[in-house]
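A structural walkthrough
Read off the chains here:
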Amino acid sequence: MPWIPNEEREKVPVVKNLIWATKLLFKADKWFLISGIISEIATDLFRDFIQSVLFLKVLLSAITGNGSFDYYVKYLIAFLAVGLVTESISVWGDYVTNTGQKRIFKQLNNMIFEKAGSVDVSCYEDPDFYDKYQRATDILTRGYFVMFSWNLSIVLGSLFSFVSVIGIVASIDKAYLLFLAPVLLTFVVEVYKSKVVFRRDVKMTGNNRIKSYIQRTVFLKDFSKDMRTSGIFSVIMKKFNNAINGNIQILKDYGLKLFLYSMMSSLLGEIVPMVGTYAYAGYQFVATKALDISGFSVVLSSIRSVSTAAQGIARSFSDLTQVAFFFQNLRDFFEYESSVNDGELEAGEFESLELKNVSFKYPSAEQYSLTNVNLKIEKGQTIAIVGINGAGKSTLVKLLLRFYDVTEGEILYNGRNIKEYKQESLRSRFATVFQDYKTFAISVNENVLCRECTPEDEIIAENALKQSGVWNKISEFENKGNTLLTREFDENGIGLSGGEAQKTAVARIFAKEFDIAILDEPSSALDPIAEYKMYENLISATENKTVIYISHRLSSAVLSQNIFVLENGTVIESGSHHQLMQQNGKYCQMFTMQASAYKEGGAENEE
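All values reported here derive from a predicted model rather than from experimental measurement.

**Quick notes on unusual backbone geometry**
Among all residues except glycine, the phi angle is most often negative; among peptide bonds, the trans geometry is most common. Although it is not a glycine, Asn372 sits at a positive phi angle of roughly 50°. Non-glycine residue Asn414 carries a positive phi angle of around 55°. The topology assignment puts Asn414 in the loop between strand S4 (408–413) and strand S5 (416–417). Residue Asn414 is classed as partly exposed on the basis of its relative accessible area of 26%.

Here you go:
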C-alpha cells in the first residue's frame, strides 16, 4: 500500500482507524482498555448521576419533608457502598492501566522495529519515509495510544451518565431537551477542529525531524570533534533555530482558526445550554410555579451534569478523531508492502552468480547508476570489482543482496533469477562487510557473532578476531571479548580506532559459515601493512570459497583471479591483473598511480 499524501489525509477513515486501534490494543493487552472503560463508566455515573442528581434528589426530599429520616439514612448507606465500590474500581483501573502501558509500549515498539527491519533499504534513502516513520513512532513516544484509551473511556463513561441524566431531565419537562440540542453540534465542530490540528502537526513533522536529528547529533561522539574544531556548530544551530521558528510560524498560522473553533465549541456545548435551561427553570420556578425548590435544584444540577458529560464526550471525541488521523500513519507503516518481494525457492549451495544486461536507476534519480553490466562469477573464484568512487561498485552489492531490484536485465543465482528465492535464504549464503561498516554498543563478541554468546561462541569470536588482526588489542582489556564497545551505556566500555573497528567488523566474515564473501572496501581504514596481512588471512580463511572484493584500492585486485573495472556504471575492462596490466588501459593507469603513491609514502616514512 503506498503512503497516503498529506493533502489526502482528510479522507482518512476515522471509524475504521479507531476500530483498528482498538484491535491492536486488545492484541497488545486486552485488560488495558477494558479496565479504563469500566473505571471511567463507574466514576462518571457515580459523579454525574448518582451523586449530583439521585442523591441530591433524596437529600432535598428529606429537607422539604417529602421523605423520612429512615428513608434518607437508607439511601445514604447505599450511596456510601456505591462510592466505595466505585473507588475500588478506580484504583484497580489505575493499576491495570499503569502496568498495561509498559506492556503495550514494549509490544508495539517491537512491532514497529520488526517492520522497520523488513522494509526496503530504499526507504532509508527517502526523506519522505523518515517523516512518515517519525509520525508512526509518535503514536508511542507522544502517548497517542494512552490518549486513545483514555478518551474512548471518557466517551463511553460520559455517554452512560449523559443518557442517565437526560432521562431525569426529560421526566421533569421534555422542553429542556431543546436547550440541550446545540450540544450535538459541538461534535461536528470538534471533528473539524481535530482536522486542523492534524494538518498543523503534519506540517511541523519536517521541522521536528530536523530538531530531533540535531539534538541527537550534538551529543554523539562521532560528531563531537568536528563540532569543536570547525564552524559547523553554528551552521547546525542555525538550522535548529530555523526549525523552531518554522514551527512557531505554523502555530501562528493555525492559531486563530483553532481559537474560533474552541470558542464555538464552548458556546454550543456549555453557554447556550446552561443559559437556556437556567432561564427556563427560573421561569417555571418563579412565574408558573411548575417547579418546587427540590425540582428546581435537581434540574440545575442535572443540567450541569449533562453539560459536563456532553463537553467530556465532545472533547474526547475530538481527541479520538485527531488520534485516528495519526493512527493512519501507523497503519500505513504496518501495511506498507515491499517492492522487493520474496520468492518461493530456498537458495541452495552456491555454484554461480551472473549479471546479464543489468541496468539500475535509483527511484528518485534521473541517471542510471549501472548500465548494461555483464559478468559471471563461478564457485571458488576470487573476484575484484574495482573503480573510482562513484563508479557503481556499492550499488552492485545492493543489487546482489536484493536491497534493490534491477531496473533492467536480471541477476542469476545458480542459473535462476534471484527474485525466485526467499530473501533471507539468499542472503544467508553471503557474508558481507559493508563500506559503511558499523559496530554497536554491545560486547566485542556480540559484535562479531551478531548474537548473544555462549562460552563456546567466545572461542569462535576470539579466533575470528585473531584472523582479522585485532585480537592483540582486544586481549588487553580486562574482559577481553566480553568488553562492551563504547561508553554510552557502561563507563567501563571501550572505544576502538577506525582501523580496529573495521577489523572487528571484518571478523564477522571469519566467524560465519558462508558460500560467498562480499567485502565492500574492507580495508579503507587500514594502513598498507595491516591491509596486506588482513588479505593474507582472508585468502587462507576463504579457501575454496567465493570471494568478491569491492574496492578502489587495488591491493586486493592483485590477489584476484578475475577483475572487473567499473567506470560510470559500466564494465570497461575485465581480466586477471597480468592481463589488465598488459592492456595498458584504465586499470593499469590506476594501479600504477596507487603503487607510486605507496612508494612515495614509504620513502617519506623512511626519511
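**Some remarks on the nonpolar core**
Grouped together as the largest cluster of nonpolar side chains are 36 residues, with contacts concentrated most on Val386, Leu465, Ile474, Ile563 and Tyr587. Ranked by residues supplied to this core, first place goes to helix H15 (residues 498–510) with six residues.

**Description of the sheet that holds strand S2 (residues 370–378)**
Pairing in this open sheet of four strands is antiparallel, and the strands run S2-S1-S4-S5 from one edge to the other. Across the chains shown, the open sheet's two edge strands, defined by having one partner strand only, are S2 and S5. Where strand S1 (residues 352–360) and S4 come together, five bridges link them in antiparallel fashion. Opposite Glu354, over in S4, you have Leu412 as the bridge partner.

**Side note on the sheet that holds strand S7 (residues 516–520)**
With mixed pairing, the six strands of this open sheet are ordered in space as S6-S7-S8-S3-S9-S10. Among the strands making up the open sheet, the edge pair consists of strand S6 (430–433) and strand S10 (570–575). For this sheet the average axis-to-axis angle between neighbouring strands, irrespective of direction, equals 15°. In this sheet, S10 lies alongside strand S9 (residues 562–567) in antiparallel orientation, the contact comprising five bridges. Bridged to Val565 within S10 is Glu573. Taken strand by strand, helix H10 (residues 393–400) contacts strand S3 (382–386), S6, S7, strand S8 (546–551) and S9, and its axis lies near 145° from that of S8. Contacting S6 and S7, H15 runs over the sheet at an angle of about 170° to S6.

Cut-off values and rules
Residues numbered from 1 in each chain as written. Predicted model: local features only at pLDDT ≥ 70, side-chain atom pairs only at ≥ 80, totals over all residues. Heavy atoms only, no water. Helix = DSSP H or I, 4+ residues; strand = E, 2+ residues; numbered from the N terminus. Buried < 20%, exposed > 50% of the residue type's maximum accessible area, 1.4 Å probe, protein only. Core = buried A, V, L, I, M, F, W, Y, C linked by side-chain atoms within 4.5 Å. Pairing = 2+ DSSP bridges. Axes fitted to C-alpha atoms, helices over the stretch in contact; angles between N-to-C directions. Contact = heavy atoms within 4.5 Å.

Taken by themselves, the reported measurements are silent on function.
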